[in-house]
Amino acid sequence: MNPTVLIQGASRGIGLQFCKNFLARNAVVIATCRKPQEATELDALSKQHSGQLHLLQLDVTNEKHIEDSTEFVEQTTGGKLDLLINSAGMLHPSGRGETSLKDVNIQGLSTTFATNTFGPLLMAKYFGNMLKKGSGAFGKQGLEKGQQHTGVLVNMSARVGSITENALGGWYSYRLSKAALNMTTKNLSIELGRGKSKVICISFHPGTVDTDLSRPYHRGVPKDKLFSVQYSVDSMMNTIDGLTVQNSGKFYCWDGRELPF
């Protein structure tokens, strides 16, 4: 049976590239986005891979929308998921990170947290049981039964969410939401790691990737530190392939180096 993958936030950038990579591995992919009618590249990809790539309209900030989407995913995958990737993210509703306290407001905080933190948590709430019924197609299985897993959950975080490495400040909404997402990953690793059916849960820093989110900040990034989307996703997939239950609850760079929370 082909592996099953759910990618939340797949209309462009990292999420879209994950779709392409998993399709090349013959996985059954469910790709979600808020506005499928505007996701022209994703729509074209689905037509090229009819029956393998399934589009699902989903607003990750709407819990009822997430809950209602479970029926479609159950029908498409038989109620079993091998991998969930929470890829959707936003810097700030204004498109710019706050540089000082005077720029902080409750609307910016709430909107950023809804997409970057609360959404991935609610995805885990409604799809965690499907991951516990997965085949363990991704990662490396341990030799002992207690070290084996059924699924993998990946939260797309960012290095600026590391409390330990924060030396510059600023970007309040984004930093706080990603730090909270890392705590979400840790919590999920504990709950979904209990029992016989274990789910590996990790956070990823994909690097500084040439996407719409990071493009306004490319000026000071050395060329060898600005990654193409394909390079970042290829690297993260290599890391996913090597995951074991011992890696669960941790924060990793694209290349598998562990980052401090």
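Only a predicted model underlies this, so the values are computations on that prediction, with no experimental measurement involved.

Got a minute to help me understand the overall build of the protein chain in this structure?
The helix and strand inventory of the protein chain stands at 6 helices and 10 strands. Computed over C-alpha atoms, the radius of gyration of the protein chain comes to 17 Å, within 12% of the 18 Å expected from 2.2 N^0.38 for 261 residues, which places it in the range of a compact globule. Dimensions of the protein chain, computed from the C-alpha atoms along their principal axes, are close to 50 × 40 × 40 Å. Counting every position in the protein chain, which comprises 261 residues, the buried fraction comes to 50%. Residue pairs in contact within the protein chain that sit at least 24 positions apart in sequence constitute 69% of those at least 6 positions apart. Charged side chains of the protein chain number 28 positive and 22 negative; the gap between the two group centres comes to 4 Å.

How should the sheet that holds strand 10 (residues 258-259) be read in this particular structure?
Paired through their backbone hydrogen bonds, the strands of a sheet run either parallel or antiparallel. Spatial strand order, 3-2-1-4-5-6-9-10: 8 strands in an open sheet with mixed pairing. Sheet topology places strand 3 (53-57) and strand 10 at the edges, where each strand pairs with a single neighbour. Two elements, strand 9 (residues 250-253) and strand 10, share 2 bridges in a ladder whose sense is antiparallel. Of the residues in strand 10, the one forming a bridge with phenylalanine 251 is leucine 259. Against the sheet, helix 2 (residues 40-48) contacts strand 2 (28-33) and strand 3, and its axis sits at roughly 140° relative to strand 3. Across the sheet, helix 3 (residues 63-77) is in contact with strand 1 (4-8), strand 2 and strand 3; its angle to strand 3 comes to roughly 165°.

Would you take a moment to explain helix 4 (residues 106-131) for this structure?
Spacing of three or four residues puts side chains on the same side of an α-helix, whose turn is 3.6 residues. Residue alanine 114 marks the point of greatest curvature in helix 4, where the axis turns by about 45°. For helix 4, the N-terminal capping position is held by asparagine 105, with its side-chain oxygen 3.2 Å away from the main-chain nitrogen of glutamine 107.

For this particular structure, what's the right way to read the pattern of salt bridges?
For the structure on display, the rule yields 7 salt bridges. Glutamate 41 serves as the salt-bridge partner of lysine 20, at 2.9 Å between the closest nitrogen and oxygen. Separated by 21 residues along the polypeptide, lysine 20 in helix 1 (residues 13-24) and glutamate 41 in helix 2 bring together distant segments of the chain. With its nearest N and O atoms 2.7 Å apart, the salt bridge here joins arginine 25 to aspartate 241.

Could you clarify how one ought to interpret the nonpolar core in this entry?
For soluble globular proteins, nonpolar side chains are generally found buried alongside one another. In this structure, Phe18, Cys19, Phe22, Val29, Leu42 and Val154 are the most contacted members of the largest nonpolar core, which totals 40 residues. Among the elements that make up this core, the one with the highest residue count is helix 1 (6 residues). Among residues more than four places away in sequence, those in contact with valine 154 are Leu83, Leu84, Ile85, Asn86, Ile202, Phe204 and Ile240. Leu81, Ala124, Met130 and Cys201 belong to the second-largest nonpolar core, a separate cluster that totals 21 residues.

How do you make sense of the state of the cysteines when you look at a structure like this?
Put plainly, two cysteines are in a disulfide when a covalent bond ties their sulfur atoms together. Inspection of every chain in the model, using the stated rule, returns 0 disulfides. Note on cysteine 19: no disulfide assigned, nearest cysteine sulfur contributed by cysteine 33 at a separation of 9.2 Å. When its relative accessible area of 0% is taken as the criterion, cysteine 19 is described as buried. The thiol of cysteine 253 is not disulfide-bonded; the next cysteine sulfur, from cysteine 201, is found 19 Å away. Classification of cysteine 253 as buried rests on a relative accessible area of 0%.

So, how was this worked out
Residues numbered from 1 in each chain as written. Predicted model: local features only at pLDDT ≥ 70, side-chain atom pairs only at ≥ 80, totals over all residues. Heavy atoms only, no water. Helix = DSSP H or I, 4+ residues; strand = E, 2+ residues; numbered from the N terminus. Rg over C-alpha atoms; globule rule 2.2 N^0.38 Å. Buried < 20%, exposed > 50% of the residue type's maximum accessible area, 1.4 Å probe, protein only. Contact = heavy atoms within 4.5 Å. Lys, Arg positive; Asp, Glu negative; His and termini not counted. Charge placed at Lys NZ, Arg CZ, Asp CG, Glu CD. Pairing = 2+ DSSP bridges. Axes fitted to C-alpha atoms, helices over the stretch in contact; angles between N-to-C directions. Bend = angle between axes of the 7 residues up to and from the residue. Polar contact = N/O pair within 3.5 Å; in protein donor to acceptor, adjacent residues only side chain to side chain. Salt bridge = Lys/Arg side-chain N within 4 Å of Asp/Glu carboxyl O. Core = buried A, V, L, I, M, F, W, Y, C linked by side-chain atoms within 4.5 Å. Disulfide = S-S within 2.5 Å.

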